[in-house]
Amino acid sequence: MKVAFLGTGLMGQPMAQRLLAANIPVIAYNRTPEKLEPLKAAGAEIAAKPYQAIRAADCVILMLTNAAAIYSVLLSDRSSGSVTGRSIIQMSTITPTESKEIQDAVVAAGGEYIEAPVLGSIPEAKAGELILMVGAYREQYQRHLDLLKNFGPEPVLVGKVGTATALKLAMNQLIASMTTAFALSFGFVQRQGIDIELFMQILRDSALYAPIFDNKLSRMVDGNYTNPNFPIKYMLKDTDFFIEEAKSADLNVRSIEGVKQILEMAMKMSLEYADYSSIFAAIQAGDR
Ligand SMILES: NC(=O)c1ccc[n+]([C@@H]2O[C@H](COP(=O)([O-])OP(=O)(O)OC[C@H]3O[C@@H](n4cnc5c(N)ncnc54)[C@H](OP(=O)(O)O)[C@@H]3O)[C@@H](O)[C@H]2O)c1
């Protein structure tokens, strides 16, 4: 089996490397070809155009920014004809509505479609320890399980297409909200002149504690938001996706809309490519 890997950015690159390390033949495509060099060096075949990669493979993995990128790479006039008979595994973070629309387009073009969005970031992608949430029929899930296990040890079948993508958005709502809540308490404690270690010690011993707080603490203390695993612009994208879908589900979204305003403030502070822990910088900037 040969795998076409479309989108070798921050996440796609280490994920494609996992396949090569497992001796799975990979043909890779990326809009910016320079990013393909490490994969070429590791033995991947390189495609100049997405349809060339799709045609050469049995299975196509997508790790792209958003649905617009997926349409451009997978479902342009030239590419959609190549999808016939291919299994498309969509791993980017998009909305459930978009995922179902892309499924319809893939099935209409004679291919099959499953979704497998991931929780975790670059370190987990490198280690093959991502949490995979799969939207597929059980038979499709079982048929692709060995391949998916290269990215995470226990891919979970959530339900039909759309459900796994919805679950991924629910998780990212928590990441955005919890990081913002932590940053605000941290900023408050600092401005009150309270010892940070004491704050963390009490937090760690309490039922409120979550590991994400310690994961982001040193970046916030140092104001070091370089080399992002997950940048602000993507957290804002996913927050927008969540708000859109949660509004359609008739939920009160005011809390996450507040988080969105803080992410927009970070964008205005030119932090779009900074790690999402830079939410703290926007909190420190005050309520302008
Ligand atoms: N980073 C994380 O921690 C993380 C974790 C879980 C899920 N995700 C999700 O995974 C997806 C990829 O994230 P990433 O961090 O790997 O992002 P990234 O480094 O920005 O990579 C995005 C990829 O999409 C391609 N792309 C964007 N627009 C395109 C277009 N119009 N046509 C063709 N290709 C296009 C980029 O090509 P170029 O190289 O040419 O720009 C690149 O290959 C996103 O949906 C993100 O939300 C990320």
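Residues numbered from 1 in each chain as written. Predicted model: local features only at pLDDT ≥ 70, side-chain atom pairs only at ≥ 80, totals over all residues. Heavy atoms only, no water.

1. Points about the overall build of the protein chain
For step 1, the next point in the chain: Within the protein chain one finds 14 helices and nine strands.
For step 2, the next point in the chain: Against the compact-globule benchmark of 19 Å for 288 residues, the protein chain has a radius of gyration of 20 Å, which places it among compact chains.
For step 3, the next point in the chain: Along the three orthogonal principal directions, the C-alpha set of the protein chain runs to about 60 × 45 × 35 Å.
For step 4, the next point in the chain: Sequence-distant contacts, at least 24 apart, represent 65% of the contacts inside the protein chain between residues at least 6 apart.
For step 5, the next point in the chain: Taken as a whole, the protein chain presents about 13,800 Å² of accessible surface, with 53% of it coming from carbon and sulfur. (Helix = DSSP H or I, 4+ residues; strand = E, 2+ residues; numbered from the N terminus. Rg over C-alpha atoms; globule rule 2.2 N^0.38 Å. Contact = heavy atoms within 4.5 Å. Areas by Shrake-Rupley, 256 points an atom, 1.4 Å probe, with all protein chains shown as cover.)

2. So, the packing of aromatic side chains
Here the distance between the centres and the angle between the planes together describe a pair of aromatic rings.
For step 1, the next point in the chain: Scanning the entire structure with this criterion turns up eight aromatic pairs.
For step 2, the next point in the chain: Measuring from centroid to centroid gives 6.4 Å for phenylalanine 230 and tyrosine 234, while their planes differ by 50°, and the two rings are tilted.
For step 3, the next point in the chain: By relative accessible area, which is 22% here, tyrosine 234 ends up partly exposed.
For step 4, the next point in the chain: Above the ring of tyrosine 276, the side-chain terminus of lysine 216 is found at 4.4 Å from the ring centroid. (Phe/Tyr/Trp six-rings, centres within 6.5 Å; stacked < 30°, edge-to-face > 60°. Buried < 20%, exposed > 50% of the residue type's maximum accessible area, 1.4 Å probe, protein only. Lys NZ or Arg CZ within 6 Å of the ring centre and 35° of its normal.)

3. Quick word on the site of the ligand
For step 1, the next point in the chain: The ligand sits among 26 residues. The nearest are Asn30, Thr32, Lys35, Ser121 and Tyr234.
For step 2, the next point in the chain: Between the ligand and the protein, one listed contact pairs an oxygen atom with a backbone N or O atom of methionine 11 at 2.8 Å.
For step 3, the next point in the chain: Note that an oxygen atom of the ligand is positioned 3.0 Å from one of the side-chain N or O atoms of lysine 237.
For step 4, the next point in the chain: Against a free-state accessible area of 900 Å², the protein chains account for coverage of 90% of the ligand.
For step 5, the next point in the chain: Of all the elements in the fold, those that place two or more residues in the shell around the ligand are helix H4 (67-74) and helix H12 (232-248).
For step 6, the next point in the chain: In terms of residue class, the shell around the ligand is built from nine nonpolar, 12 polar and five charged.
For step 7, the next point in the chain: When residues of the shell around the ligand are sorted by domain, at least three fall in each of domain 1 (3-160) and domain 2 (165-284). (Near = heavy atom within 4 Å. Polar contact = N/O pair within 3.5 Å; in protein donor to acceptor, adjacent residues only side chain to side chain. Nonpolar A, V, L, I, M, F, W, Y, C, P; charged D, E, K, R; others polar. Domains from an automatic or database assignment.)

4. Re the domain arrangement of the protein chain
For step 1, the next point in the chain: In terms of domains, the protein chain is made up of domain 1 (3-160) and domain 2 (165-284).
For step 2, the next point in the chain: When each unit is reduced to the centre of its C-alpha atoms, the spacing between domain 1 and domain 2 is 28 Å.
For step 3, the next point in the chain: In this assembly, 19 residues from domain 1 lie in contact with 17 residues from domain 2.
For step 4, the next point in the chain: Interface area, domain 1 with domain 2, both sides summed: about 1,500 Å², of which 65% is carbon and sulfur.
For step 5, the next point in the chain: Counting the surface domain 1 buries against domain 2, the share from its top three residues, Thr93, Pro96 and Leu119, is 30%.
For step 6, the next point in the chain: At the junction of domain 1 and domain 2, the tally comes to eight residue pairs in polar contact (both at pLDDT 80 or more).
For step 7, the next point in the chain: Among the secondary structure elements, those contributing two or more residues to the side of domain 1 that touches domain 2 are helix H6 (96-108), strand E7 (118-119) and helix H7 (122-127). (Buried area = accessible area lost by both parts, 1.4 Å probe.)

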